[in-house]
Amino acid sequence: QAMSIGSCITPDPSTGSLARGDRCPPSDRTIFVAIASYRDWQCRYTVESIFNRAKNPERVRVAVVDQIVVEEGDFQCEVPIKPCSEDPDQALCKYKNQVDVYRMDAIQAVGPVFARHIGHRLYRGEYYTIQSDAHVTYTQDWDEDIIQQQENTKNEMAVQSTYLTDIVGSIDEKTGRSLRHTRPIMCNTDYEGSPQGKHLRHMSQPERFPSVKGTPQLQPYWAAGFSFSRGHFVVNVPYDLYQPMIFQGEEMSIGIRGFTIGYDFYATERSICFHHYANGKIKAKRGKVKTFWEHANKYAGTGKKAMKRLLGIVHMNPEIPKTEWDHAEEDVYGLGGVRTPEKFYETFGIDVVHKTTEHHLCKFVQPGTMHRQFSSHLRADGMGINYDNISYRFKDPGFDGT
């Protein structure tokens with residue numbers, strides 16, 4: 001059934017339907033790109049690179065949740081950089097009918113979780129989906145490249161996800177091609193405390209040459225800044241609208257819920273986009289971009305309640321009575337039935353009672369050991385790794401300087 005999901009830019013020859021699923025040729029499969037932007041002047045440039053550097057831009061649809069203050073001069077993500085009369089070849093002129101924008105006043109913004117919830121509601125059955133930050137530049141023919149990588153996993157439940165590398169020194173400005181041969185992999189996570197409660201947080205991730213060739217590489221964790229998957233991922237693992245004022249914790253919610261539904265996370269073999277951090281030529285301008293925390297006082301206390309719910313759903317706060325957190329629509333925003341959160345914690349060395357992790361997990365993940373051991377348990381129908389057959393329990397091997 002999952003393989004029947006997904007639209008195509010060319011209709012079925014016999015039925016005329018665009019809902020062709022895996023019968024659609026890879027070159028015609030549609031891509032939905034969801035962007036949550038907060039008062040970000042680079043949003044327009046991100047959309048430009050998405051379309052201008054796609055091999056087949058006709059198959060791409062971008063949905064932006066644009067949280068801005070028009071009265072203060074914030075740039076609107078759907079407005080072209082120049083008037084179309086001056087430069088009609090801009091993507092926001094040529095492909096304006098493929099860009100949907102939900103605009104909201106920034107003062108109503110309550111964090112990325114709710115913004116991305118709205119953005120994913122704009123999904124309309126595309127074959128693939130991307131979650132992207134609003135300050136990202138894509139490489140030439142990125143769509144063809146990432147689809148080929150996805151198909152190489154031979155896993156219908158594969159989700160490629162990472163913390164993106166900085167743009168500085170990463171793209172050839174003449175060709176649009178990547179200059180990098182390394183890529184990050186998600187394996188470094190630990191507990192941290194905050195006013196909202198102690199929770200897991202991704203730390204700085206290692207960037208190395210891929211240890212596995214010819215396919216993306218299995219990793220334990222999911223990242224919010226970049227995610228590529230089949231379209232059913234955003235339907236089966238929707239952002240929880242009952243998590244306002246959450247920033248840290250978002251990735252644990254989606255990642256662990258996704259794991260229980262049967263999704264597997266991979267590091268890309270090749271990066272297809274790069275992130276604009278506050279470095280290089282735009283350091284000063286990038287550093288002035290505001291965040292949703294500017295209105296935190298208006299929503300004081302909501303984040304603590306939301307974090308209790310977030311951690312409760314994924315069984316990460318067993319010390320908190322279930323009566324103390326909101327269970328609204330938990331059937332929609334809760335766990336799946338393929339795996340349990342406990343299986344994840346046992347496998348990857350997470351102690352939710354004592355709030356500790358087995359360190360140096362990257363020594364198991366980065367060299368490809370996890371990939372080689374776990375990939376052999378990919379189900380015959382391609383519907384994810386069968387963790388029922390995996391008894392591995394990660395233990396800290398210690399630090400030896402590698």
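How each quantity is defined
Residues numbered from 1 in each chain as written. Predicted model: local features only at pLDDT ≥ 70, side-chain atom pairs only at ≥ 80, totals over all residues. Heavy atoms only, no water. Helix = DSSP H or I, 4+ residues; strand = E, 2+ residues; numbered from the N terminus. Rg over C-alpha atoms; globule rule 2.2 N^0.38 Å. Buried < 20%, exposed > 50% of the residue type's maximum accessible area, 1.4 Å probe, protein only. Areas by Shrake-Rupley, 256 points an atom, 1.4 Å probe, with all protein chains shown as cover. Lys, Arg positive; Asp, Glu negative; His and termini not counted. Charge placed at Lys NZ, Arg CZ, Asp CG, Glu CD. Phe/Tyr/Trp six-rings, centres within 6.5 Å; stacked < 30°, edge-to-face > 60°. Lys NZ or Arg CZ within 6 Å of the ring centre and 35° of its normal. Disulfide = S-S within 2.5 Å. Contact = heavy atoms within 4.5 Å. Polar contact = N/O pair within 3.5 Å; in protein donor to acceptor, adjacent residues only side chain to side chain.

Some thoughts on the overall build of the chain
Move 1: Across its full length, the chain carries 12 helices and 16 strands.
Move 2: Against the compact-globule benchmark of 21 Å for 402 residues, the chain has a radius of gyration of 21 Å, which places it among compact chains.
Move 3: C-alpha atoms of the chain, sized along the principal axes, occupy 60 × 50 × 50 Å.
Move 4: In the chain, which comprises 402 residues, the share counted as buried stands at 57%.
Move 5: Put simply, the chain shows about 17,600 Å² of open surface, and 52% of that area lies on carbon and sulfur atoms.
Move 6: Taken as two groups, the 48 positive and 50 negative side-chain charges of the chain have centres that lie 2 Å from each other.

Focus on the packing of aromatic side chains
Move 1: The full count for this structure, using the stated rule, is 21 aromatic pairs.
Move 2: Plain terms: the ring middles of F364 and F374 are 5.9 Å apart, the flat faces sit at 65° to each other, and that makes the pair edge-to-face. Residue F364 is found in helix α11 (residues 362-365), and its partner F374 is found in helix α12 (residues 369-375); the two are separated by 10 residues along the sequence. Comparing F364 with F374 shows no difference in burial state: the two are buried.
Move 3: Chaining the aromatic ring pairs together yields one cluster made of Y221, F259, F344, Y345, F348, F364, F374, Y387, Y392 and F394.
Move 4: In this structure, R230 packs its charged tip against the face of Y127, placed 3.7 Å from the ring centre.

A short note on the state of the cysteines
By definition, a disulfide is the covalent link that joins the sulfur atoms of two cysteine residues.
Move 1: Under the criterion given, the structure shown has 4 disulfides.
Move 2: The disulfide partner of C8 is C24, and the S-S distance across this bridge is 2.1 Å. Measuring the twist about the S-S bond at about 70°, one finds the C8-C24 disulfide to be right-handed. With C8 in the segment before β1 (31-38) and C24 in the segment before β1, this pair connects stretches of sequence that are 16 residues apart.
Move 3: Judged by relative accessible area, C24 falls into the buried class, the value being 1%.
Move 4: Between the sulfur atoms of C84 and its disulfide mate C93 the distance is 2.1 Å.

A closer look at the environment of H315
Move 1: Note that H315 resides in the loop between α8 (302-313) and α9 (330-333).
Move 2: Overall, H315 belongs to the partly exposed group, its relative accessible area being 34%.
Move 3: Taking the C-alpha atoms as reference, H315 lies 24 Å from A158; in sequence the two are 157 residues apart.
Move 4: In this structure H315 touches L335, P341, E342, Y345 and V352, once residues within four positions along its chain are discounted.
Move 5: There is a polar contact of 2.8 Å between the side chain of H315 and the side chain of E342.

Structural notes on unusual backbone geometry
Move 1: A positive phi angle, close to 60°, is found at D141, a residue other than glycine.
Move 2: Structurally, D141 is set in the loop between β5 (136-138) and α4 (142-152).
Move 3: The class for D141 is buried, based on a relative accessible area of 12%.

So, helix α3 (residues 112-120)
Residue pairs spaced three or four apart in an α-helix point in one direction, given the helix's 3.6 residues per turn.
Move 1: Counted residue by residue, α3 has 8 buried out of 9 residues, so it is predominantly covered.
Move 2: All of the buried residues along α3 are P112, V113, A115, R116, H117, I118, G119 and H120.

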